[in-house]
Amino acid sequence: MPSHSFTLNGRRVTVEAPADMPLLWVLRDLLNVTGPKYGCGVGACRACTSHLDGDEIQPRVVPVADCAGREVTTIEGLADGDRLHPVQQAWLDCDVAQCGFCQPGQIMAAAALLKKTPRPTDADIDRIENVCRCGTYSRIREAIDKAAAGS
Amino acid sequence: MLVLEVTPANKVVVRLPRVEVGQGVTTAVAMMIAEELDARLADVDIPLADARSEGNQFTGGSSSDRRRRPENPRVTKVVMAADVRTAVNPRGLQAQLMGTAVDGISTILRAGLHIDRGAVRESSFADFLPQTPSGGTPISLRSPASGTPRSTSRRTSCPPTAIPAAPGELGVPAAAGAVANAYARATGTKPRRFPLNF
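Structure report, in brief. Bear in mind the structure is a predicted one, so any value in this text is a computation, not a measurement.

The rules behind these values
Residues numbered from 1 in each chain as written. Chains lettered and ligands numbered in written order. Predicted model: local features only at pLDDT ≥ 70, side-chain atom pairs only at ≥ 80, totals over all residues. Heavy atoms only, no water. Salt bridge = Lys/Arg side-chain N within 4 Å of Asp/Glu carboxyl O. Helix = DSSP H or I, 4+ residues; strand = E, 2+ residues; numbered from the N terminus. Buried < 20%, exposed > 50% of the residue type's maximum accessible area, 1.4 Å probe, protein only. Core = buried A, V, L, I, M, F, W, Y, C linked by side-chain atoms within 4.5 Å. Contact = heavy atoms within 4.5 Å. Polar contact = N/O pair within 3.5 Å; in protein donor to acceptor, adjacent residues only side chain to side chain. Expected span 1.5 Å × (residues − 1). Buried area = accessible area lost by both parts, 1.4 Å probe. Nonpolar A, V, L, I, M, F, W, Y, C, P; charged D, E, K, R; others polar. Pairing = 2+ DSSP bridges. Axes fitted to C-alpha atoms, helices over the stretch in contact; angles between N-to-C directions. Patch = residues over 30% accessible without salt bridge, like charges linked within 9 Å, V, L, I, M, F, W, Y side chains within 5 Å. Areas by Shrake-Rupley, 256 points an atom, 1.4 Å probe, with all protein chains shown as cover.

1. Remarks on the pattern of salt bridges
- As enumerated under the stated definition, the model contains 12 salt bridges over all chains in all.
- The salt bridge involving D126(A) is made with R141(A); its shortest N-O contact spans 3.1 Å. In this pair, D126(A) sits in helix α4 (residues 122-126) while R141(A) sits in helix α5 (residues 137-150), placing the two residues 15 residues apart along the sequence.
- Its relative accessible area of 26% is what places D126(A) among the partly exposed residues.
- R141(A) sits in the buried class, given a relative accessible area of 14%.
- Between D43(B) and R40(B) there is a salt bridge, with the nearest N and O atoms lying 3.2 Å from each other.
- Judged by relative accessible area, R40(B) falls into the exposed class, the value being 58%.
- Salt bridges sharing partners connect three or more residues here, namely K11(B), R40(B) and D43(B).

So, in structure tokens, the structure goes:
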């Protein structure tokens, strides 16, 4: 079984897994990092959204071998110690979550958007395609605007 | 009224005259009772009694559809009014109603399943298409007490003795009907099959 080393939320980890095992299985089943959620299994619902070297990815469709030597960030690693990421704080301030299942992915998608586009337009926010079956979209937009205004 | 019974075995039992259809009403009520009584959640039992028709749930929904291209309709605005008597968690109530509006829009516009020889064709969110943020529709909420937006955040707009009701999926049929009606008015044709984009 090949072994793969990468940085997960600032910590170096090494796992033994088939090269084509999806990163999501590695995170959830081997490393017990369960913030990225398993939803559709094809990278369409985006509940698993995390970051690879700062860019948004869907770990369900990224093989673990592609992460060797790189930096993976999940929702667990988004805050700076006890200080929440501005997107997380805005999420709390706006009471965005309902059932909560998609929310780690929503927050990671929003954080990735704001990193590249600090002042997003409505059209920029439209590019987030993460599905929320509770329909929290109004507050997602509100929270992204709030996080953008505060940063 | 609700009767709260503490059994000799130190369990708390409340027979709830509400319908549970997946909205989590038994969990929510159990959590509130456990918190108020300093009881353990596991010791609170919420069996369902016959639902009482007290007329304490009502949602009105309306929307407008101004897109000129009827083949790709889009909801541009939703106004919802709800009377749930006592809003235990007003922000949560608002959120649930906004969610039901989104679900109503999805159901009418594009979220459907094809059945091919008895099997569902759609396999996941790649081909089953509920609303995503790109369908972002401004939604405003009104309570009938004052008629001002967001007044559901004021508990005083409801009688303090009213039994809380579970909004759950309350808004879905009203929102879905409103979207279909808006489409009919905007296009001059009454749709008979849903979703419209299918």
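2. Quick word on the nonpolar core
- Among the nonpolar cores identified, the biggest contains 49 residues, and V87(A), W91(A), I144(A), V78(B), M80(B) and I139(B) are the most heavily contacted of them.
- Where this core is concerned, the elements lending two or more residues are α2 (86-93), α3 (103-116) and α5 of chain A together with β5 (77-83), α2 (90-109), β8 (139-142) and α3 (171-187) of chain B.
- Broken down by element, this core gets its largest block of residues, eight residues, from α2(B).
- Beyond its immediate stretch of four places on either side in the chain, W91(A) contacts V96(A), Q103(A), Q106(A), I107(A), A110(A), I140(A), A143(A) and I144(A).
- By size, the runner-up hydrophobic cluster in this structure holds 15 residues, among which are A17(A), L52(A), C67(A) and V72(A).

3. So, the side chain of H4(A)
Residues and elements named next belong to chain A.
- Of note, H4 is situated in strand β1 (residues 3-8).
- With a relative accessible area of 6%, H4 lands in the buried category.
- Within the structure, the side chain of H4 is placed 2.8 Å from the backbone oxygen of A17, a separation counted as a polar contact.
- Setting aside chain neighbours within four positions, we find H4 in contact with V13, T14, V15, A17, P18, A19, V64 and A65.

4. Digging into α3(B)
All names here are of chain B.
- Over its 17 residues, α3 extends 24 Å from the first C-alpha to the last, a length consistent with the 24 Å expected when each residue adds 1.5 Å.
- If you check which residues of α3 are buried, you get G171, V172, A175, A176, A178, V179, A180, A182, Y183 and A184.
- Directly beyond the C-terminal end of α3, a positive phi value near 80° is found at G188.

5. Quick word on the interface of chain B and chain A
- Between chain B and chain A, the residue contacts involve 21 residues of the former and 22 residues of the latter.
- Interface area for chain B against chain A, summed over the two sides, is near 1,700 Å², with a carbon-plus-sulfur share of 56%.
- Taken together, the connections running from chain B to chain A amount to two salt bridges.
- Its salt-bridge partner being D103(B), residue R133(A) comes within 3.2 Å of it at the nearest N-O pair.
- Our count for the contact surface shared by chain B and chain A stands at seven residue pairs in polar contact (both at pLDDT 80 or more).
- Split into classes, the residues belonging to the side of chain B that touches chain A amount to nine nonpolar, nine polar and three charged.

6. Details of unusual backbone geometry
- With an omega of -5°, the peptide bond between F194(B) and P195(B) qualifies as cis.
- Mapped onto the elements of the fold, P195(B) is located in the segment after α3.
- One non-glycine residue, D95(A), lies in positive phi territory at about 50°.
- Relative to the helices and strands, D95(A) is located in the loop between α2 and α3.

7. Some words on the side chain of T136(A)
All names here are of chain A.
- Residue position: T136 is located in the loop between α4 and α5.
- Given the relative accessible area of 3%, T136 is considered buried.
- In this view, T136 contacts V96, Q98 and Q103; residues no more than four positions away in its chain are not counted.

8. Re the sheet that holds β1(A)
Residues and elements named next belong to chain A.
- With respect to topology, five strands assemble into an open sheet ordered β2-β1-β5-β3-β4, the strand pairing being mixed. Every interior strand has two partners, whereas the edge strands, β2 (11-16) and β4 (55-57), have only one. Taking each pair of neighbouring strands and ignoring which way they run, the sheet shows an average axis angle of 40°.
- Here strand β3 (residues 50-52) runs beside β4; their pairing, made up of three bridges, is antiparallel. Bridging across to β4, H51 finds its partner in E56.
- Against the sheet, α3 touches β3, β4 and β5 (71-73), its axis set at about 45° to β3.

9. With respect to a nonpolar patch on the surface
- On the surface, a nonpolar cluster with roughly 260 Å² of combined accessible area is contributed by L4(B), V6(B) and L37(B).
- Within the secondary structure, L37(B) is located in helix α1 (residues 25-37).

10. Observations concerning the sheet that holds strand β2 (residues 12-14) of chain B
Residue and element names in this part refer to chain B.
- Here we have three strands laid out as an open sheet, ordered β1-β2-β3, and mixed in their pairing. Strands at the two margins of the open sheet, each flanked by one partner only, are β1 (4-6) and β3 (44-45).
- Sheet analysis places β1 next to β2, joined by three bridges and oriented antiparallel. Among the inter-strand pairings, V6 is bridged to a residue of β2, identified as V12.

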